[in-house]
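# Commentary on secondary and tertiary structure
Here are the chains, one letter per residue:
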Amino acid sequence: MKKLLLSLAAAALTAAPAIAQEIVVVQNGRVVTNTERGIIENGTVVIRDGSIVSVGEPIEIDGGEVRVIDANGGWITPGLFHPHTELGLVEVGAEGSTRDDAADESHFTAALDVADGFNPAGTHIDEARTEGITRFAVYPATGSAILAGRGALADSTGEPDSLFAPRRFMLVDLSDSGASTAGGARTAAWAFLRAAIEDARFYPGRFMAHHEGDAIDRYDAQAMVQVVRGEMPLVMIMDRASDIRRALDFAERYPSIRIVIAGGAEAHLVADELAEAGVPVIYDPMRNLPDSFATLASTTEGASILFDAGVPVAYTTVGSDLYFNPRLLPQHAAISVAHGADWSNAFRAITLTPAEIYGVGDRYGALAPGYAGDVVVWDGDPLEVMSAPVAVIIDGEPQSMETRQTRLRDRYAEVVREGGFAYRH
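About the thresholds
- Residues numbered from 1 in each chain as written.
- Predicted model: local features only at pLDDT ≥ 70, side-chain atom pairs only at ≥ 80, totals over all residues.
- Heavy atoms only, no water.
- Helix = DSSP H or I, 4+ residues; strand = E, 2+ residues; numbered from the N terminus.
- Rg over C-alpha atoms; globule rule 2.2 N^0.38 Å.
- Buried < 20%, exposed > 50% of the residue type's maximum accessible area, 1.4 Å probe, protein only.
- Salt bridge = Lys/Arg side-chain N within 4 Å of Asp/Glu carboxyl O.
- Phe/Tyr/Trp six-rings, centres within 6.5 Å; stacked < 30°, edge-to-face > 60°.
- Lys NZ or Arg CZ within 6 Å of the ring centre and 35° of its normal.
- Expected span 1.5 Å × (residues − 1).
- Arc of directions from axis to C-beta.
- Contact = heavy atoms within 4.5 Å.
- Pairing = 2+ DSSP bridges.
- Axes fitted to C-alpha atoms, helices over the stretch in contact; angles between N-to-C directions.

Looking only at helices and strands, one finds 12 helices and 18 strands in the protein. Its C-alpha radius of gyration of 23 Å places the protein within 12% of the 22 Å reference for a compact globule of 425 residues. Its C-alpha atoms put the protein at 70 × 60 × 45 Å along the principal axes. Here the protein holds 425 residues, and 54% of them are scored as buried.

For the rest of this paragraph, the subject is the pattern of salt bridges. One pass over the full model with this rule turns up 19 salt bridges. A salt bridge links E356 to R348; the shortest N-O distance between them is 3.0 Å. Because the salt bridges share partners, they merge into one network encompassing R135, D155, D374 and D395.

Overall, the coordinates contain 13 aromatic pairs when judged by the stated rule. Where F169 meets Y358, the ring centres are 5.1 Å apart and the plane angle is 35°; that geometry is what we call tilted. In this pair, F169 is assigned in strand β11 (residues 163-173) and Y358 in the loop between α11 (352-357) and β16 (375-378), connecting sequence segments 189 residues apart. Measuring from centroid to centroid gives 5.1 Å for W343 and F347, while their planes differ by 10°, and the two rings are stacked. Taken together, the positions of W343 and F347, both in helix α10 (residues 343-348) and 4 residues apart, correspond to about one turn of that helix. F347 gets classed as buried once you look at its relative accessible area, which sits at 0%. Here a set of aromatic residues connected by ring pairs shows up, and it is made of F81, Y139, F169 and Y358. Over the face of the ring belonging to F164 we find R135, whose NZ or CZ atom lies 4.9 Å from the ring centre.

Our focus in this paragraph is helix α6 (residues 241-253). Taking 1.5 Å of rise per residue, 13 residues should cover 18 Å, and α6 covers 19 Å from first to last C-alpha, within 8% of that figure. Among all positions of α6, only A241, D243, I244, A247, L248, F250 and A251 are buried. End-on, the buried residues of α6 take up no more than an arc of 165°, which puts them together on one face. Residues of α6 that are exposed and point over 90 degrees away from its buried face: E252 and R253. Buried positions along α6 lie against α4 (186-201), β12 (234-238), β13 (259-263) and α7 (271-277).

So, on to the environment of A110. The topology assignment puts A110 in the loop between β8 (80-85) and α2 (123-130). Taking the relative accessible area as the measure of exposure, A110 reaches 0% and is therefore buried. Taking C-alpha positions, A110 is 7.3 Å from M170, a pair spaced 60 residues apart along the chain. Residues within four places of A110 in sequence aside, it is in contact with L147, G149, R150, M170, D220, A223 and M224.

Another aspect to go through is the sheet that holds strand β10 (residues 147-155). Taken in spatial order, the 8 strands line up as β8-β9-β10-β11-β12-β13-β14-β15 in an open sheet, and their pairing is mixed. Each edge of the open sheet is held by one strand with a lone partner, namely β8 and β15 (313-315). In this sheet, neighbouring strand axes are inclined to one another by 25° on average, regardless of whether the strands run parallel or antiparallel. Along the sheet, α4 makes contact with β10, β11 and β12, crossing β12 at roughly 175°. Running over the sheet, helix α8 (residues 302-309) touches β14 (281-283) and β15 and is turned about 150° from β15.

Moving on, we come to the pairing of β16. Judged by which residues are buried, β16 turns out to be covered on both faces: V375 and V377 on one side and V376 and W378 on the other are all buried. Pairing of strand β7 (residues 75-78) with β16, which is carried by 4 bridges, proceeds in the antiparallel orientation. Bridging from a neighbouring strand, I76 pairs with V377 of β16.

Take a look at the structure:
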């Protein structure tokens, strides 16, 4: 078996065929590790069999086919992890037949599972991938009750098996809309949630003689058991500071339940309490203007205040959209940096922290040996709006940078003005 020194072999192997290789080398770039090693200037990342085996200097490895990707002095980063999307659930928002996010007329609640409706061939997944997003959380929307059901984690390959972690979290809406759904007030929403928790705590005993509990039925209570045991986080949608304080009281009453705040427009007002409780916040730095009575304290400095207090923060794009604009995730992170957040904190909020929230932070969101081979090569600072990915690698496999939009662009790039017909294009 021959020995191959990657730094010397690079030039000869750059033209390797565009198929999956056992070894992928990404070199000659500014490597953002998201580890204690920080940023490595002119570093190299080596991926073997889908996992990272080396970061930093080129290493000597046993021979085999090697595909080399030259960053040409650009940036090499972990793949972005979007913590809050409806990718694969909604194709056209105005067309009901393309939506599988909310089950408005179903009597089921916690038992609903987005994995049943997820479509890996959704065209917006390709758009997210070409903007550097390699992993994402798939969220249900509230239907007939405040408990929206269970969400999942997926990669952006578009492959049939891309949904790699089903039933990863439970979603409950305790915002203005949740109050309306529950009966017209927040009191009804919280009463429903506490009753549902008690139904799950006493499952299956409470259902020995009948199918219905105080709030949910046997099937939904069974789905909630993982929440009350702390095996699955309970994501609470809310913005108002007083609602977040109620959530912290709830967490204190049920210490086994792991809660996550999604929304959190006024979370900065409760930053110290959130940090002390270790409760993460999925937050959109773009929601910096009050658009309801629940978001009156919205501010451009919200993210930096949360970071300064020590709150685990992951960024979302809920202010733009969750099904066709998750691709804007780095721009939302950039907004926070423009208003005081540290660059490294902002970048961690779109890579490693989301992975940690969902319990996969030891596999995704960083560049270090043992992590998945999810790597993005950028032509500049990934938070700069004029920068773009030039290569995306998922599990060690270089991905297509083509989308429906690029295909349409190429199809109509040349217009035949004389003698041509539109249908020929």
